[in-house]
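Observations on chain architecture
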Amino acid sequence: MARLRALSPALTGWLSAASYEGGGTGQSPFIGPLNSRQAWLRICVYSLFFCSAFSIAGVTAATLLLYLFALYHAWREPPRRTLPGWLLVGILTLPAVAVICALVNPSPLANVIQLRKEYSYFLPLVLLPALALMQSRRLLIVLMIPVVLMAAYALIQYFWGVDWIRPEGKKLVRPYTLAGGTVYFGKGTFTHHLTFSGYMLLNLLLFAGLALRLPGRDRLLWGVGAVMAGIGVIVALGRSGWIGMAVGLLLLVLGFPRRIWLPLGVAVAFVAVAGSAVLTGWHQLVIPSNQEWGLVERFRNTSLRHDRERLYLWESALLGIQDRPVFGVGYGNDKLYMRVYRNQVTQKRHYRFSVRPSTHSHNVYLQVAFELGLLGLVAYLALWGSILYWSAHWVRRAGDGWRFETALLSGAAAALTGSMVAGFFENNFFDAEVRTMIFILMGLALHSGLRIRAGLNAGRSTA
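Considering the layout of surface pockets
There is about 700 Å³ of room inside the second largest pocket. In terms of lining, the second largest pocket is formed by 25 residues, of which the most central are Lys117, Glu118, Tyr331, Phe430 and Ala432. When residues of the lining of the second largest pocket are traced back to their parent elements, those giving at least two are helix 4 (56-76), helix 16 (334-349) and helix 19 (432-458). With four residues, the single largest contributor to the lining of the second largest pocket is helix 4. A per-class count over the lining of the second largest pocket returns seven nonpolar, ten polar and eight charged.

Okay, here's the thing in structure tokens:
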């Protein structure tokens, strides 16, 4: 017995290190003994997922602690190489390019110091040792609970404009004036309705993927999460979120990512029709005005023909990209350089911007290219493309087996694609709350692919 007790810690460490090789620890404890590093890894991840819906301070604390315990875990238990080299290159190229762009621009030291807040770039990789110790289903339930509560809170805000969390004088909920002030932008505890919309969009499509791919009671469970997150997207009144939601749901219904070309073809056609409506405003002729329905009015008043500011924001970014096409102005330096290009557009178009020069370009691809150049834009697309390719590969390899993992990969892939579509009209990747959720989904996708690979190598299936 003494020998067995002595072997127990080594055996526990070996199991956690080999969890991907053996298919994962499906019967893992919720927390475990608090004197173990595995327990603290679980606590950090549960806290990160739970706080992501309402507390950026909680997310920051959980992320920093997760990095600390993950490094300690790796020191005590050196990780095996589990991810292919091409995938690691796809993930790590963007932060490497950000450092290069910081060094080649004026004030390189100050530019590098600005990158200190971008530690979350490595979150998908740091999550892996903790996820190998946990039940994904249980973890997603912990995520879903605050998502449902925040969506319900946003629905109340939409109708009554309450902001119970903030004191008088600091309330941020505002009416949608084009609807006569009868409805409000739902935003939960977030500071901006587009940030809330981008966060809820990711959760909606994640849970929708689980609901569509899993049978029985699981379908009902995840369906509730998807419906509530969808309500959050709708009442946020973020039109970019609506388009991302429509595209993501189309992809899921058409079998993405197991099927590629038909879902993508339909999605491209939908975006083309929606883009034509926004550019020309012809949908305003088809849909009658209704001041009593804020959602209808919000949709009807979506037209770049009348609201030119977003086009001029894009034009300003393009001017900067033309001046610095390779390395951009450096990450975070848009507030220093954008004013010049905004002034050029003001003189050319005789238009006065309503937003400050520090406000982003309302297009994540233009914003990345403005700050990191075309080199950074290629690295940014490589990050997303590598994760999506990894997800599609393992969904196909799993076939009819590994239902939960393939459902999670489908939901995560659709969520990331929907967020990419929304990024044509907003800077969702530059919002800390949305970025955290993006990296969480990427980490879950990496973990699920590793689980499927380990299970196939072991000749087992969860079908």
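There is more to say after this.
Side note on empty space enclosed by the protein
To find the voids left in a structure, one rolls a probe of water-molecule size over its atoms. Counted under the stated rule, the structure contains one cavity of 30 Å³ or more. Put simply, the largest cavity is a space of about 30 Å³. Taken together, Leu94, Tyr121, Tyr331, Val368, Leu372, Tyr380, Phe429 and Phe430 make up the lining of the largest cavity. Top element by residues in the lining of the largest cavity is helix 17 (residues 364-398). It accounts for three residues.

Quick look at a nonpolar patch on the surface
Together, Val99, Ile100, Leu103, Val104, Val112, Val326, Phe327 and Leu375 give the surface a local cluster of nonpolar side chains, amounting to about 600 Å² of exposed area. Per-element accounting of the nonpolar patch gives the leading share, four residues, to helix 5 (residues 85-104).

What counts, and where the lines are drawn
Residues numbered from 1 in each chain as written. Predicted model: local features only at pLDDT ≥ 70, side-chain atom pairs only at ≥ 80, totals over all residues. Heavy atoms only, no water. 1 Å grid on protein atoms, 1.4 Å probe; cavity = no way out; pocket = protein on both sides within 12 Å on 5 of 7 lines; lining within 4 Å. Points joined across faces, edges and corners; volume = space filled by probe spheres on them. Helix = DSSP H or I, 4+ residues; strand = E, 2+ residues; numbered from the N terminus. Nonpolar A, V, L, I, M, F, W, Y, C, P; charged D, E, K, R; others polar. Patch = residues over 30% accessible without salt bridge, like charges linked within 9 Å, V, L, I, M, F, W, Y side chains within 5 Å. Areas by Shrake-Rupley, 256 points an atom, 1.4 Å probe, with all protein chains shown as cover. Salt bridge = Lys/Arg side-chain N within 4 Å of Asp/Glu carboxyl O.

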